[in-house]
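Commentary on secondary and tertiary structure
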Amino acid sequence: MAAASAVTVTAAASRIAVGGPRGSVQSAAAAQARRPAVPTARHISTVPRRATRHVARAADDVAATEEMPAPAPASAAAAGADEETFEYQAEVNKLMDLIVNSLYSNRDVFLRELVSNSSDALDKLRFLAVSNPDLIKDNAAMGIKIRGDPVTKTLTVEDTGIGMTREDLVSSLGTIARSGTAKFMEMLSSKSEGENLIGKFGVGFYSAFLVAERISVTTKNTEDDKAWTWESGVGSSSYTIKEATGTDLKRGTRIVLQLKDGCEEFAEDTKLTALVKTYSEFISFPIEVFAKKSVSKQVDDPAATAANIEAYSKRKIEAEAKAEVFDEEEPEPVTKTVYEDVQAYQVSNNDKPIWVRSPRDVEKESYSEFFKSTFKEFLDPLAYNHFAVEGDIEFRSILYVPGMAPFEQQDMMQRSKAIKLYVRRVFISDEFDDSLLPRYLTFVRGVVDSNDLPLNVSREILQESRVVRVMRKRLIRKTMDMLKEIAERDNDDYVTFWDAFGRNLKLGVIEDTANREALGPLLRFQTSKTEKGKNRGLDDYVKDMAEGQSSIYYVAADTREAAENSPFLEQLTKKGLEVLFLIDPIDEVAMTNLAQFQEKTLVDISKEDLDLGEEDDDVKAKAKEIEEEYKALTDWMAETLGSKVEKVTVSKRLTDTPCILVTSKFGWSANMERIMKAQAMGDNRASEYMKGKKTMEINPLSPVILDLKAKQEAGVASAAATAELLFDTALLTSGFNIDQPAEFAAKIFNLMDQVAGPPASEKKKKKKETKADGGAEEVESVTPEIV
């Protein structure tokens, strides 16, 4: 199917089937009007590699024969007076070979193509009947009938459309260069409404050779007194046309397929019904499939009748024995309902799709019912949007936001089958999600029905189509409108949505640069001023910003508890500034890409040069004075720590913690470095390049820093070890991992040993030695161990 769209030939090859195929006299007009008469390089470029040679050769043959007249009979005398044999023009022969061997990957689509042909033939008849009612005066019924016969291995598709004349069969089914529908379109060039009646589709009729070894087309045009039969077989270089005598066909076209071996399933009514339901459910004409159904009928029930008569007789005898009057009437025969299977034509399609109707005429319950039945959901949607686009590009659509995330959400973005694509009510595929919506919106469900796409559309055509680009923009905008409407509701609907699909929107901020501004107000985060588990939007954050605050602050951590206890928050908490808690791995990447919201810069408080707002001159002067006072200490610490840090500065963000480590503005934060290290396929070279350079900030008011300053000034040897230990603890409190945990543990144990002093046994021994030497009274003393 995907490859079917590769060759866009003229209408004659495109739609030749039931009563006026879309490439024949019946419906090729739109294709002829909108496409070149032969496959061009642009069309050929989308053919799969295995078919490229076939298409190239077919294109050469078509170009050589484009203006050739209709083929003459090859051997009229030999064929007899009533039957004529014609040779296919070269390009048709090539085309059929291409279809059977390369073009279609899914043979099920042949029925969709034939039914679409029939629909076009009926459309054309209905259009012409507006100005000429006599066309349908004898038979106003318009419909399509499909019947399979497993015994004879045949499949019949019949319609009551416009039909074809003998000339139509010759000029349309044997050549690509000529198109009767093109002439019809020329007649209607001044009537814009006529254009939409003719489909613009691909090589539909010839797809029947995927399953048929021989095809017979019997057709009767409303302006022709005779009916004609066209016949050909797969692999044949010729076809025959003869007058159809003894046929009961009054108008339209009847196609009979002699199925190949291995294609017997297409004669089964269950298979045919399923194909109609899948591909042609919303065709505007009734499609009747000859299928088995259960019919109820009333039959006599001898057992129940006998029981009633027996009871009646018993009551009568008892009454006579008692000499009582018995005037009860004799019981009637009892009947029962039985069901039997019969073969009959049954309508298998819904001829009025919900998206074609006006939104004013559709109840909310109908939208919910359609959503549940079409997408196999059991909860009502959170929102829906039913709209139509008109103008140069026309399409209709209904989009839904589900009420819950699917259970297989981890695979949702790979193949969600969320958007069902229709072309003129004919189902095309549900595997084009990435062409119609970006990856992060694959949770959206919906249908799109276009009037401007070809039926044999492929992924390659979608990627290059201007129509699809316009559709994609409109679908994204309508989805954003739905999400905004949910967010504005005074209930918990958006909480439900965010719990299910919040990560999708964060992914959108990363990937969709064009819609970041629209996605920003939809984001939700926990903050330092919300309760645990409660989220807040950026709009509310900005409304409650402190006076003079010019930035939106955030900190990334594994959990809310870790974020709340982060030393980076100390000064911000003291000033009453709200901080966003980014506790989802994707959050920090999303905020980095968002960068700004309502002209407010998003600031990571774990990065260097943190600006907490305007400061007066006194505060600045005092800060400068402290920096000068501690310059000797910071320079010494930077020299002592060496390459571990880029520099050591006096901090403006600490109130209690002795020191922290901050990273450069454009490198990874501690949280991001930890996430990237956990990636199974991470690039170590990129990791080393992206690691932020560490700057150590010290708290000048901390007793630990004051003690270190005194030791450094006094030249105490243990000052260097203290600085090293401060760096390791800063790694932990700032969210980094320690590269040498055993070395860090040794430093802690050494510090504990210094506090604990010598072991208790040695202290006892010293006491005894003092007694022996000095004669003092022996006093046993035990120093408690520090655990």
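Use the structure listed above.
Basis of the calculations
In this convention, every chain numbers its residues from 1, walking through the sequence in written order. A pLDDT threshold of at least 70 governs which residues receive local features in this predicted model, and a stricter bar of 80 or more applies before side-chain atom pairs are shown or counted, although totals over entire chains, interfaces and linings include all residues. In computing side-chain properties, one takes all heavy atoms of the structure into account and sets aside hydrogens as well as water. A pair of strands counts as paired when DSSP detects no fewer than two bridges linking them. Here a strand is any run of E in DSSP of at least two residues, a helix any run of H or I of at least four, and the numbering for each starts at the N terminus. A 3.5 Å cut-off defines polar contacts: any pair of N or O atoms within that distance qualifies, except that in protein one atom must be a possible hydrogen donor and the other a possible acceptor, and neighbouring residues in sequence count only when both atoms are side-chain atoms. Put simply, two rings from Phe, Tyr or Trp (the six-membered ring, in Trp's case) pair if the centres are within 6.5 Å, and we call them stacked under 30 degrees between planes, edge-to-face over 60, tilted for the rest. The classification of residues rests on relative accessible area computed with a 1.4 Å probe and restricted to protein chains. Under 20% of the type maximum is buried, over 50% is exposed, and intermediate values are partly exposed. We count a charge as sitting over a ring when the NZ of a lysine or the CZ of an arginine lies within 6 Å of the ring centre and within 35 degrees of the ring normal.

**Section: the pairing of strand 3 (residues 154-159)**
Strand direction decides the pairing type here: strand 2 (residues 144-149) and strand 3, joined by six bridges, are antiparallel. Opposite Asp149, over in strand 3, you have Thr154 as the bridge partner. As consecutive antiparallel partners, strand 2 and strand 3 are separated by four residues, and within that stretch Lys153 has a phi angle of approximately 55 degrees, a positive value. Sheet analysis places strand 3 next to strand 7 (residues 252-259), joined by six bridges and oriented antiparallel. When the sheet's bridge partners are listed, Thr156 is paired in strand 7 with Val256.

**Overview of the side chain of Thr530**
The residue Thr530 is located in the loop between strand 15 (524-527) and strand 16 (536-537) in this model. Among the polar contacts listed, one links the side chain of Thr530 to the backbone nitrogen of Thr527, at a separation of 3.0 Å.

**Thoughts on the packing of aromatic side chains**
Using the criterion set out here, one finds 21 aromatic pairs in the structure. Ring centres of Phe110 and Phe266 lie 5.2 Å apart, and the angle between their planes is 85 degrees; this geometry places the pair in the edge-to-face category. Of this pair, Phe110 sits in helix 7 (residues 109-131) while Phe266 sits in the loop between strand 7 and helix 11 (269-279), placing them 156 residues apart in sequence. Exposure class is identical for Phe110 and Phe266. Each is buried. Here the aromatic rings of Phe371 and Phe375 are separated by 6.0 Å at their centres, their planes lie at 45 degrees, and the arrangement is tilted. A residue pair is termed a helical-turn pair when its members lie 3 or 4 positions apart in one helix, as Phe371 and Phe375 do in helix 13 (residues 364-375) at four residues. Phe375 carries the same exposure label as Phe371, and that label is buried. Three or more aromatic residues joined by ring pairs form one cluster here, namely Tyr279, Phe282, Trp355, Phe370, Tyr422 and Phe427. One residue, Lys145, lies across the ring of Tyr345, its end atom 4.8 Å from the ring centre. Across the ring face of Tyr630, the terminal group of Lys709 is positioned such that the distance to the ring centre comes to 5.5 Å.

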